Amino acid sequence: MDYKDLANLIFPDIKDYTYYEEKYPERNLPEGAEVLRVAPSPTGFIHIGGLFQGLLAKKIADQTGGVFFVRIEDTDQKRKIDNGVEEILNAFEKYGLSPDETVGRGNYGPYIQSERGDIYKSYAKKLISEGKAYPCFCTPEELEESRSNQEKAKERTGYYGKWAKCRNMPIDMAIEKIKNGVPYVVRFRSPGNPERKIKHKDVIKGSIDFPENDLDIIIIKSDGLPTYHFAHAVDDHLMRTTLVTRSDEWVSSVPLHLQLFYELGFKIPKYGHTAPLMKQDGDSKRKLSKRKDPEAAVSYYTEEGIPKESVIEYMMNIINSNFEMWRKQNPDKDINEFEVDIRKMGVSGALFDMVKMHDVSKNVISRFSAEKVYEDAKAWAEVYDSELNEMLENKEYSLRILGIERGNQKPRKDIAKWSDLKDIIYYMYPEKFNKMDKNAFEYQKVTDKSEIEKIVKLYFEKYYNENDDKETWFNKMKDLAGELGYAREVKEFKANPDGYKGHVGDISTVIRVTLTGKCNTPDLYEIIRILGKEEILRRVK
RNA sequence: GGCCCCUUGGUCAAGUGGUUAAGACAUCGCCCUUUCACGGCGGAGACAUGGGUUCAAGUCCCGUAGGGGUCACCA
């Protein structure tokens, strides 16, 4: 009895690995092209970090003329949920990160790990027949016991060396146990020695030194599915990944992965480990947590109504901080024209800054056309805000509102997310204005009730004319100010503050607040035009 | 605890031995302005710490402190 017999017993009727090597040949790509992937798990929770990884991978693939694909890692059957795969794929599509290959398209599939069982078995069989892997019959209880013994003896924990009980089990005994139906897993027989150091060059982190791996990790679980480590090696080899980008929680497994690739006879890909997205928590930072932080979920941005363009734009800032400069110089260029340099990525975790996200979003939205603002806000409101949705029912009218001070050199930057919009445009809708509490209006400087009445009355009796152009309109505002003892120009007032009751700005604020209930609004002239004479007069009654 | 990594203003960050140590967000002041934004100008604010190496250290080396990651039949 030898390793071959053992391999055949464990994996009968499994194709030889050479079959897969031929089926998934090296990709025929131009020099310098990189093949990248993102490999999420369908747990029902889509982490913002997954999107971040996707953006990075797609950018590098696109700009090198390579391939970006999405592989579903669902070997943990316990955490898997029903629509998980669709949700992930939809999220990538929605954010413009459409993969070149994934479930349903591409020649290197299947792209779902649970459908690749035979492939993993084929390579596991290869390892067993070469004596590089072996069945392990240890029970969880035995492993636990071994672990506590290690702790007592102050030795490194794990399945290695003398602690690896099944590592040197005679083949005949193993065969016997299997034939008797004793449950087992398949372990990798690590040739490593931690006394030896290896030097690894990470594309993002630079040189890292670690001891060689000597852990006999499980490669095939008792349910027959591979563990992450083994699936990673087999899949990224067969899918011909050239650059493995992933979150840096994986760096500590690099020695293992390198060893696995080597022992399997695979060409080793490049690795780039990205710093995780962090969150300020009291005095310290920690990883964005899906349990504690709502903003860790992609769905949060959808619900808040932060446009997908804003999220992508913000994440580009984190990927390469010089993106910001580039954007300033090229406000209208497509994001694809920006060249990402993976080596410039930060090596330590960046705080995910919602304030900055909002700022980025304000800029992004300020570049949208009124039509685009309308469409996006409407789509959001249909799902999340029925009142806003109702307000936006009248498209033509809404478009006029959203078009105020938009499209010019210095567009307004007041909307960060669609959930802000209702408050910003509320007063423009007559039936909503009616609901506002007039007594709660804050008039800033001029607060005397009779003075306010006097200003409003005089304005509408003597000056207001709906056909005035903007210049005439504003000149009349100055006339009004003058007539009531306010300075016609702010400068005049500042030069002689005691000579006037106030200035034209104070007057126009009174009109503004009376008509809108707010002192911070866009251009008053535009507002008056849009509201129309009838509505305006109704409001001052 | 072992192993690995990291540390420049409140935050994100330029920086590859010689810089008055960029820029952005936030903050403050001024200007522009009929309000609020926008925009412009300016202010305050940083190389964790101790030793070395060097003519010269944010940058290289060592120690210390702090932070993060990882040590599963989860990925």
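Right, let's walk through the structure included here.

Quick notes on the rules
Residues numbered from 1 in each chain as written. Chains lettered and ligands numbered in written order. Predicted model: local features only at pLDDT ≥ 70, side-chain atom pairs only at ≥ 80, totals over all residues. Heavy atoms only, no water. Helix = DSSP H or I, 4+ residues; strand = E, 2+ residues; numbered from the N terminus. Buried < 20%, exposed > 50% of the residue type's maximum accessible area, 1.4 Å probe, protein only. Areas by Shrake-Rupley, 256 points an atom, 1.4 Å probe, with all protein chains shown as cover. Lys, Arg positive; Asp, Glu negative; His and termini not counted. Charge placed at Lys NZ, Arg CZ, Asp CG, Glu CD. Near = heavy atom within 4 Å. Polar contact = N/O pair within 3.5 Å; in protein donor to acceptor, adjacent residues only side chain to side chain. Nonpolar A, V, L, I, M, F, W, Y, C, P; charged D, E, K, R; others polar. Axes fitted to C-alpha atoms, helices over the stretch in contact; angles between N-to-C directions. Parallel < 35°, antiparallel > 145°, perpendicular 65-115°, else oblique. Left-handed = near helix turned anticlockwise from the far one by under 90°. Contact = heavy atoms within 4.5 Å. Salt bridge = Lys/Arg side-chain N within 4 Å of Asp/Glu carboxyl O. Phe/Tyr/Trp six-rings, centres within 6.5 Å; stacked < 30°, edge-to-face > 60°. Pairing = 2+ DSSP bridges. Core = buried A, V, L, I, M, F, W, Y, C linked by side-chain atoms within 4.5 Å.

What about the overall build of chain A?
Along chain A, the regular secondary structure elements total 24 helices and 12 strands. In terms of principal-axis extent, the alpha carbons of chain A reach across some 110 × 50 × 40 Å. By the burial criterion, 52% of the 541 residues in chain A qualify as buried. Only carbon and sulfur atoms are counted for the fraction: they give 48% of the accessible area of chain A, which is about 26,700 Å². Across chain A, the mean location of the 87 positive side-chain charges is 2 Å away from that of the 92 negative side-chain charges.

Section: the protein's contact with RNA strand B
Taken together, 57 residues form the shell around RNA strand B, and within it Glu73, Arg147, Lys221, Glu324 and Arg412 come nearest. If you look at RNA strand B and keep only atoms within 4 Å of the protein, 71% of those are sugar or phosphate atoms. A distance of 2.7 Å separates a phosphate oxygen of RNA strand B from a polar atom in the side chain of Thr75. Between Glu324 and RNA strand B, the recorded distance is 2.3 Å, taken from a side-chain N or O atom to a sugar or linking oxygen. Elements represented by at least two residues in the surface near RNA strand B include exactly β6 (206-211), β11 (284-287), α12 (323-329), β12 (350-351), α13 (354-366), α20 (470-483), α21 (490-495) and α22 (504-516). The biggest single contributor to the surface near RNA strand B is α22, with four residues. Residue composition of the surface near RNA strand B, grouped by class: 19 nonpolar, 14 polar and 24 charged.

With respect to the packing of helix α19 (residues 449-463) against α20
Two elements in contact, α19 and α20, have axes separated by 11 Å at closest approach and are oriented at 130 degrees. When the axis of α19 is compared with that of α20, the two are oblique. The two elements α19 and α20 meet at a crossing, and its hand is right-handed. Contacts between α19 and α20 involve Ile455, Leu458, Tyr459, Lys462 and Tyr463 from the former and Trp473, Lys476, Met477, Asp479, Leu480 and Glu483 from the latter.

Examining the pattern of salt bridges
Close approach of charged atoms allows side chains of opposite charge to pair. Under the counting rule described, the total for this entry stands at 52 salt bridges. A salt bridge links Glu309 to Lys308; the shortest N-O distance between them is 3.7 Å. Glu309 sits in the partly exposed class, given a relative accessible area of 24%. Exposure remark for Lys308: the relative accessible area of 31% places this residue in the partly exposed category. Put simply, Glu382 and Lys378 hold a salt bridge, and the shortest N to O gap is 3.2 Å. Placement of the pair is Glu382 and Lys378 together in helix α14 (residues 370-384), with a separation of four residues, close to one helical turn. In this structure, a network of salt bridges that share partners links the residues Arg37, Arg71, Glu73, Arg116, Asp235 and Asp236.

A word on the packing of aromatic side chains
This model, assessed by the stated rule, comprises 22 aromatic pairs. When the centroid spacing of 5.0 Å and the interplanar angle of 80 degrees are considered together, the rings of Tyr19 and Tyr20 count as edge-to-face. Since its relative accessible area comes to 6%, Tyr20 is described here as buried. Between the aromatic rings of Tyr300 and Tyr301, the centroid separation amounts to 5.1 Å while the plane-to-plane angle is 80 degrees, which identifies the pairing as edge-to-face. Note on Tyr301: relative accessible area 0%, which makes it buried.

Things to note about the side chain of Lys59
Mapped onto the elements of the fold, Lys59 is located in helix α3 (residues 48-64). Buried and without a salt bridge, Lys59 has Asp334 as its closest oppositely charged side chain, separated by 6.7 Å. Every residue in contact with Lys59, bar those within four places of it in the chain, is listed here: Met316, Ile335, Asn336, Phe338 and Val340.

Brief notes about the side chain of Arg512
You can see Arg512 is positioned in helix α22. One buried charged side chain, Arg512, makes no salt bridge at all; its nearest oppositely charged neighbour is Asp523, positioned 6.7 Å away. Residues in contact with Arg512, not counting those within four places in the same chain, are Gly517, Lys518, Cys519, Thr521, Pro522 and Leu524.

Side note on the sheet that holds strand β3 (residues 133-136)
The sheet built from three strands is open, its strands ordered β3-β4-β7 with antiparallel pairing. Only two strands of the sheet have a single neighbouring strand rather than two, namely β3 and β7 (218-220). On average, each strand axis in the sheet is tilted by 45 degrees relative to the strand beside it, whichever way the strands run. Both strand β4 (residues 185-188) and β7 contribute to a ladder of two bridges, which runs antiparallel. The residue of β7 that forms the bridge with Arg187 is Ile218.

A look at the nonpolar core
Across soluble globular proteins, nonpolar side chains have a tendency to be buried as a group. Among the nonpolar cores identified, the biggest contains 106 residues, and Ile48, Tyr301 and Ile425 are the most heavily contacted of them. Per-element tally for this core: the top contributor is α3, with eight residues. With near-sequence residues (within four places) excluded, Tyr301 lies in contact with Ile48, Tyr95, Glu295, Ile306, Val311, Phe352, Met354 and Met357. With 55 residues, the next largest nonpolar core counts Leu6, Ile219, Leu258 and Leu264 among its residues.

Note that all results are geometric; they support no functional claim without further evidence.
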